[in-house]
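# Notes for the structure review
Each chain is listed here by its residues.
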Amino acid sequence: MSDLLDTREVQNLLTKVSGLANDKGDARVKRIVYRVVSDLFKTIEEFDVQPNEFWSAMSYLTELGQASEVGLLVPGLGLETFLDLRTDEAERKAGIEGGTPRTIEGPLYVAGAPLSKGEARLDEGSEGGEVLFMNGQVRDVNGRPVAGAIVDVWHANPLGGYSFFDPSQPKYNLRRRIETDAEGRYRFRTVLPSGYACPPEGPTQKLLDQLGRHGRRPAHIHFFVTAPGYRKLTTQINIDGDEYLHDDFAFATRDGLIPEVHRFSDPEEQRARGLNAPFAEIAFDFVLHRERANAPSTVVTRAHAEAA
Ligand code: MBD
Ligand code: FE
């Protein structure tokens, strides 16, 4: 590689750029900016990046922000999964083991969904698709039920679209918060989601195309599970059988998060649930860890929409 990076001129430039030559500002930010800009300089050198290529990358970043797809490219590049792997490692070091595996939040959570006790219906009956009943228990690692936990659930409709981001859906469609009952139980009725596909004309898919990758996710259901005194669990379950189950562009599929889907095609069983078509049922329990001081909090502060 060239010696340009090692010249006094470039080294002085980096020092001044990152504010390391002054005594104001934030020391951690300065060190991180120094590293990131230095690494960019190195990349430009190593690949002999030409000005046209550089400015095309800057246009790309602008477009990514304008299309509100930063939160989509981040999981697509494995960055959100890497943050999870780091949290997993920190927990292992703190002696936290077992419990329901975490996986990424993704970009499509909306705060403030309707709250109910014990049970909820997530759809308004206008979705089509196959009815899904899901139920389970929130427990601690010692098997004790956690009453009063909040199961905050959100998922896509049978077309793979999420309410709020898809303005054709009702407010908070397929988004609810359910408080567990005295036995730590929750249950809900909804419709089976379909997998998600990145907007085909968007900047995320544009980069994925250049990487020879698709932008598809298997069908999945997201959860935040919280309870006072417990570590917040951010996770998802996948719908078994999906062709993208182990080929997720967002790298969120994990062992332990693919519950069995029970199918009910017997008309008697359908009638008993007030239905006249085959339906599906999933049982899934969430196991939480108690909060503790020696591990970083799992409460992640990030910008969320709130339905108007
Ligand atoms: C999703 O539904 C999702 O969960 C992620 C991580 C990325 C894009 C769409
Ligand atoms: Fe999702």
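Residues numbered from 1 in each chain as written. Chains lettered and ligands numbered in written order. Predicted model: local features only at pLDDT ≥ 70, side-chain atom pairs only at ≥ 80, totals over all residues. Heavy atoms only, no water.

## Topic: the overall build of the chain
- Each helix and strand counted, the chain has seven helices and 13 strands in total.
- Across its three principal axes, the chain shows a C-alpha extent of roughly 80 × 45 × 35 Å.
- Taking all 308 residues of the chain together, 42% fall into the buried category.
- Long-range pairs, those at least 24 residues apart, make up 72% of the contacts in the chain with a sequence separation of at least 6.
- Distance from the positive charge centre (36 side chains) to the negative charge centre (46 side chains) of the chain: 7 Å. (Helix = DSSP H or I, 4+ residues; strand = E, 2+ residues; numbered from the N terminus. Buried < 20%, exposed > 50% of the residue type's maximum accessible area, 1.4 Å probe, protein only. Contact = heavy atoms within 4.5 Å. Lys, Arg positive; Asp, Glu negative; His and termini not counted. Charge placed at Lys NZ, Arg CZ, Asp CG, Glu CD.)

## Examining the side chain of glutamine 137
- Inspection of the secondary structure puts glutamine 137 in strand E4 (residues 131-140).
- Judged by its relative accessible area of 12%, glutamine 137 is buried.
- For glutamine 137, the side chain forms a polar contact with the side chain of arginine 139, separated by 3.0 Å.
- Setting aside its immediate chain neighbours within four residues, glutamine 137 contacts Pro145, Glu183, Gly184, Arg185, Tyr186, Phe284, Asp285 and Phe286. (Polar contact = N/O pair within 3.5 Å; in protein donor to acceptor, adjacent residues only side chain to side chain.)

## A short note on helix H5 (residues 79-93)
- Between its first and last C-alpha atoms H5 spans 21 Å; for 15 residues at 1.5 Å apiece the expected length is 21 Å, and the two agree.
- Every buried residue of H5 is listed here: Glu80, Thr81, Asp84, Asp88 and Glu91. Buried residues of H5, viewed axially, fall in a sector of 100°; they line one side. The exposed set on the far side of H5, more than 90 degrees from its buried face, consists of Leu83, Arg86 and Lys93.
- In this fold, the buried residues of H5 make contact with helix H4 (70-76).
- Of the residues one or two after H5, glycine 95 is the one with positive phi, at around 80°. (Expected span 1.5 Å × (residues − 1). Arc of directions from axis to C-beta.)

## Here we look at the site of ligand 1
- Looking at ligand 1, the residues that line it are Leu72, Ile104, Gly106, Pro107, Leu108, Tyr162, Tyr196, Arg217, His220, His222 and Ala250.
- The contact in question runs from an oxygen atom of ligand 1 to an N or O atom on the side chain of arginine 217, over 2.7 Å.
- Among the residues making up the shell around ligand 1, the classes are represented as seven nonpolar, three polar and one charged. (Near = heavy atom within 4 Å. Nonpolar A, V, L, I, M, F, W, Y, C, P; charged D, E, K, R; others polar.)

## Points about the packing of helix H3 (residues 51-66) against helix H6 (residues 203-210)
- Two elements in contact, H3 and H6, have axes separated by 9 Å at closest approach and are oriented at 135°. Comparing the axis directions of H3 and H6 gives the class oblique. Residues Tyr60, Glu63 and Leu64 of H3 touch H6, and the partners they reach there are Pro203, Thr204, Lys206 and Leu207.
- Classifying every residue of the contact of H3 with H6 by side-chain character gives four nonpolar, one polar and two charged. (Axes fitted to C-alpha atoms, helices over the stretch in contact; angles between N-to-C directions. Parallel < 35°, antiparallel > 145°, perpendicular 65-115°, else oblique.)

## Notes on the coordination of the iron ion (ligand 2)
- Protein coordination at the iron ion (ligand 2) comes from Tyr162 (OH), His220 (NE2) and His222 (NE2), with a distance range of 2.0 to 2.1 Å.
- The motif formed by the donor residues of the iron ion (ligand 2), counted along the single chain, is Y-x57-H-x1-H. One end of the pair, tyrosine 162, is in the loop between strand E5 (150-155) and strand E6 (175-179); the other, histidine 220, is in strand E8 (residues 220-226), and 58 residues separate them in sequence.
- A relative accessible area of 4% means that tyrosine 162 is categorised as buried. (Donors = N, O, S within 2.8 Å, 3.2 Å for Na, K, Ca; no water.)

## Observations concerning the packing of helix H1 (residues 8-17) against helix H2 (residues 27-46)
- Between H1 and H2, the least distance of the axes is 9 Å, while the angle of their chain directions is 145°. The element H1 and its partner H2 pack so that their crossing is right-handed. Note on element contacts: H2 touches H1 through Tyr34, Val37, Ser38 and Phe41, opposite Val10, Gln11, Leu13, Leu14, Thr15 and Val17.
- A class-by-class count of the residues in the contact of H1 with H2 yields seven nonpolar, three polar and no charged. (Left-handed = near helix turned anticlockwise from the far one by under 90°.)

## Here's the deal with the packing of aromatic side chains
- Following the criterion strictly, the structure yields twelve aromatic pairs and no others.
- For the ring pair tyrosine 109 and tryptophan 154, a centre distance of 4.7 Å and an interplane angle of 65° mean the geometry is edge-to-face. Linking tyrosine 109 in the loop between H5 and strand E1 (110-111) with tryptophan 154 in strand E5, this pair joins segments that are 45 residues apart in sequence. Both residues of the pair, tyrosine 109 and tryptophan 154, count as buried.
- With centroids separated by 4.8 Å and ring planes inclined at 55°, the aromatic side chains of tryptophan 154 and phenylalanine 224 adopt a geometry described as tilted. (Phe/Tyr/Trp six-rings, centres within 6.5 Å; stacked < 30°, edge-to-face > 60°.)

## Observations concerning the side chain of glutamate 80
- Inspection of the secondary structure puts glutamate 80 in helix H5.
- Excluding its chain neighbours within four sequence positions, the residues that come into contact with glutamate 80 are Val74, Pro75, Ile104, Glu105, Gly106 and Arg302.

## Focus: the pattern of salt bridges
- For the structure shown, the criterion picks out 17 salt bridges.
- One salt bridge connects aspartate 88 with arginine 254, and the closest N-O pair in it is separated by 2.8 Å. Of this pair, aspartate 88 sits in helix H5 while arginine 254 sits in the loop between strand E9 (233-238) and strand E10 (262-264); the two residues are 166 residues apart in sequence, bridging distant segments of the chain.
- For aspartate 88, a relative accessible area of 13% translates into the label buried.
- On the basis of relative accessibility, which here comes to 23%, the residue arginine 254 falls in the partly exposed class.
- Taking the shortest distance from any N to any O, the salt bridge between aspartate 140 and arginine 144 comes out at 3.5 Å.
- Among the residues examined, aspartate 140 registers a relative accessible area of 6% and is labelled buried.
- In this structure, a network of salt bridges that share partners links the residues Asp88, Glu91, Arg102, Arg231, Arg254 and Glu291. (Salt bridge = Lys/Arg side-chain N within 4 Å of Asp/Glu carboxyl O.)

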